[in-house]
Amino acid sequence: MDSLRQRSSTVQEPPGAAPAHRTTPPTWQPRTDPAPLLPDAEPLRVLGTDAVADADPALLLRLYAELVRGRRYNTQATALTKQGRLAVYPSTTGQEASEIAAAAVLEDRDWLFPSYRDTLAAVARGLDPVQALTLLRGDWHTGYDPHEHRIAPLCTPLATQLPHAVGLAHAARLKGDDVVALAMVGDGGTSEGDFHEALNFAAVWQAPVVFLVQNNGFAISVPLAKQTAAPSLAHKAVGYGMPGRLVDGNDVVAVHQVLTEAVARARRGGGPTLVEAVTYRIDAHTNADDATRYREAAEVETWRAHDPVLILERELTERGLLDEDGRRAAAEAAETMAADLRERMNADPVLDPMDLFAHVYAEQTTQLREQAAQLRAELEAEGEA
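Please read these numbers as outputs of a predicted model, since none were measured by experiment.

### Here we look at the overall build of the chain
Piece 1. Within the chain, the secondary structure is distributed over 14 helices and seven strands.
Piece 2. Projecting the C-alpha coordinates of the chain onto the three principal axes gives extents of approximately 95 × 70 × 50 Å.
Piece 3. Summarising the internal contacts of the chain: among those between residues at least 6 apart in sequence, 75% fall at separations of at least 24.
Piece 4. Only carbon and sulfur atoms are counted for the fraction: they give 53% of the accessible area of the chain, which is about 19,900 Å².
Piece 5. In the chain, 36 positive and 55 negative side-chain charges are present, and the distance between their average locations comes to 5 Å.

### Here's the deal with the side chain of Asn 215
Piece 1. By the element assignment, Asn 215 lies in strand β3 (residues 209-215).
Piece 2. With relative accessibility at 7%, the residue Asn 215 sits in the buried group.
Piece 3. Other than its neighbours up to four places away in sequence, Asn 215 contacts Asp 187, Leu 224, Leu 233, Glu 276, Ala 277, Val 278 and Thr 279.

### Quick word on the environment of Asn 287
Piece 1. Position of Asn 287 among the secondary structure elements: in the loop between β7 (273-278) and α11 (297-304).
Piece 2. You can call Asn 287 partly exposed: its relative accessible area is 37%.
Piece 3. Residues Asn 287 and Ala 152 lie 135 residues apart in sequence; the distance between their C-alpha atoms is 24 Å.
Piece 4. If we ignore the near neighbours within four places in the chain, the residues touching Asn 287 are Thr 81, Ala 87, Val 88 and Tyr 89.

### Focus on helix α3 (residues 96-104)
Piece 1. In terms of residue burial, α3 counts as a mostly covered element, since eight of its nine residues are buried.
Piece 2. Turning to α3, its buried residues number three or more, namely Glu 96, Ala 97, Ser 98, Glu 99, Ile 100, Ala 101, Ala 102 and Ala 103.

### Overview of the pairing of β7
Piece 1. Among the six residues that make up β7, five are buried, leaving the element largely enclosed by the rest of the structure.
Piece 2. Where strand β6 (residues 244-248) lies against β7, five bridges are found, and the strand directions are parallel. Bridging from a neighbouring strand, Asp 248 pairs with Val 278 of β7.
Piece 3. Between β6 and its parallel partner β7, the chain crosses via helix α10 (residues 252-267), and the hand of that crossover is right-handed.

### What about the sheet that holds strand β2 (residues 181-186)?
Piece 1. Across the sheet, which stays open at both edges, the five strands sit in the order β1-β2-β3-β7-β6 with parallel pairing between neighbours. The open sheet is flanked by β1 (111-113) and β6, the only strands paired with a single partner. Strand-to-strand, the axes of this sheet are offset by a mean angle of 20°, without reference to chain direction.
Piece 2. Contacts from helix α8 (residues 161-175) reach β1, β2 and β3, with the element oriented near 170° to β2.

### With respect to the pattern of salt bridges
Once the charged atoms of two side chains with opposite charge are near each other, the side chains can pair.
Piece 1. Going through the model one piece at a time under the given rule, you end up with 17 salt bridges.
Piece 2. We note a salt bridge from Glu 96 to Arg 71, for which the minimum N-O separation is 2.6 Å. In this pair, Glu 96 is assigned in helix α3 and Arg 71 in helix α2 (residues 57-82), connecting sequence segments 25 residues apart. Across this residue pair, the class does not change: Glu 96 and Arg 71 are buried.
Piece 3. Between Asp 289 and Arg 281 there is a salt bridge, with its nearest N and O atoms 3.9 Å apart.
Piece 4. The class of Arg 281 is buried, set by a relative accessible area of 1%.
Piece 5. Where salt bridges share partners, they join Arg 109, Asp 110, Asp 178 and Arg 267 into one cluster.

### Observations regarding the packing of aromatic side chains
Piece 1. Applying the stated criterion across every chain yields a total of six aromatic pairs.
Piece 2. Aromatic pair Trp 111 and Phe 113: ring centres 6.0 Å apart, planes at 35°, arrangement tilted. Per residue, the accessibility class of Trp 111 equals that of Phe 113, and both read buried.
Piece 3. One aromatic cluster is present, formed by Phe 218, Tyr 280, Tyr 294 and Trp 303 through successive ring pairs.

### A short note on the confidence of the model for the chain
In regions of low pLDDT, the predicted coordinates are not meant to be interpreted in detail.
Piece 1. A residue-level look at the chain finds 93% of positions with pLDDT of 70 or above and a mean pLDDT of 92.
Piece 2. For residues 1-13, every residue scores under 50 in pLDDT, and the model assigns this stretch five contacts once sequence neighbours within four places are set aside.

### Some details on the environment of Glu 96
Piece 1. Residue classification places Glu 96 among the buried residues on the basis of a relative accessible area of 0%.
Piece 2. Measuring from C-alpha to C-alpha, the distance between Glu 96 and Ala 65 comes to 12 Å, with 31 residues separating the pair along the chain.
Piece 3. Other than its neighbours up to four places away in sequence, Glu 96 contacts Leu 67, Gly 70, Arg 71, Asn 74, Leu 120 and Pro 308.

Thresholds, definitions, all that
- Residues numbered from 1 in each chain as written.
- Predicted model: local features only at pLDDT ≥ 70, side-chain atom pairs only at ≥ 80, totals over all residues.
- Heavy atoms only, no water.
- Helix = DSSP H or I, 4+ residues; strand = E, 2+ residues; numbered from the N terminus.
- Contact = heavy atoms within 4.5 Å.
- Areas by Shrake-Rupley, 256 points an atom, 1.4 Å probe, with all protein chains shown as cover.
- Lys, Arg positive; Asp, Glu negative; His and termini not counted.
- Charge placed at Lys NZ, Arg CZ, Asp CG, Glu CD.
- Buried < 20%, exposed > 50% of the residue type's maximum accessible area, 1.4 Å probe, protein only.
- Pairing = 2+ DSSP bridges.
- Right-handed = clockwise from strand over helix to strand, strands pointing away.
- Axes fitted to C-alpha atoms, helices over the stretch in contact; angles between N-to-C directions.
- Salt bridge = Lys/Arg side-chain N within 4 Å of Asp/Glu carboxyl O.
- Phe/Tyr/Trp six-rings, centres within 6.5 Å; stacked < 30°, edge-to-face > 60°.
- pLDDT = per-residue confidence, 0-100.

As structure tokens, then:
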């Protein structure tokens, strides 16, 4: 036994080497106290609590009008897919509170980095609804000038917009520009490498960026429990050295409050924040998805009772801030928007097939020039016929 102990203690030493001089290592200390970074045990709520009394009535009414408009936008865009005017539409019905709040907390100089599901956030930020749907219509470009609107192109690959947001925010800080980037992603996107890389760089650089995770329960058909064993997605922030905040994603006032605080923190040099908004995707993943294959109707109905439009409407009504005339005015404004969207989307876009070759390279390759010439000849022959 003594010989075994001797061999075990020197197993990592080269044969014949003198025993290494062992000293007590210095006491390890964490670089950051994790306690202030931890999210609360329960998602923050404002509506239905005493805290709502401190909310600005004008803000509440503005958020309500935007929620009603957002719901109508979702239903109209979904209808356009059934009419063949949109190739695909990922609805945010049930998630409008997070979309509206994200747009509302940004200044004109700030940047929004949306995912493919966040067209409503772009529209709420002031983007023309038709332009917001251009990419989903099947056109070759995003439909708008990102620099003009401070809205990055709608991102279909999961989470790839997050490192872009960090890069822009870091560059703005180096230049001394007072700019914050708000990057939106779904719970499925948190399983991508880009998510982790973005959070790591953002925390190390103390970049002025806010990450908003809309946890709607499913990454297409995969429930969150099959993606992560973490207590919450907000807890992931601690591992990178930034605060994690947990909020009721259907409570537009709570989301607005949390994001306002996170944006202000980033702007004053406090670094990034990860916000998890717990919400639910009432509609299917897209119009091409059959959600009945992986979730029960009873589950959906339970979440309908926590509808973001209805819970704010109930609060405003109980406080005497909203009457029937106010509800009618909000609904009529939303219907006007939907009618305009429907009319303009019914017009076929004018497309030039030669645009296929216009923006691939700064200088066309020989192969592209040959292909362009072949297509031009075919079009001319078709025109003559």
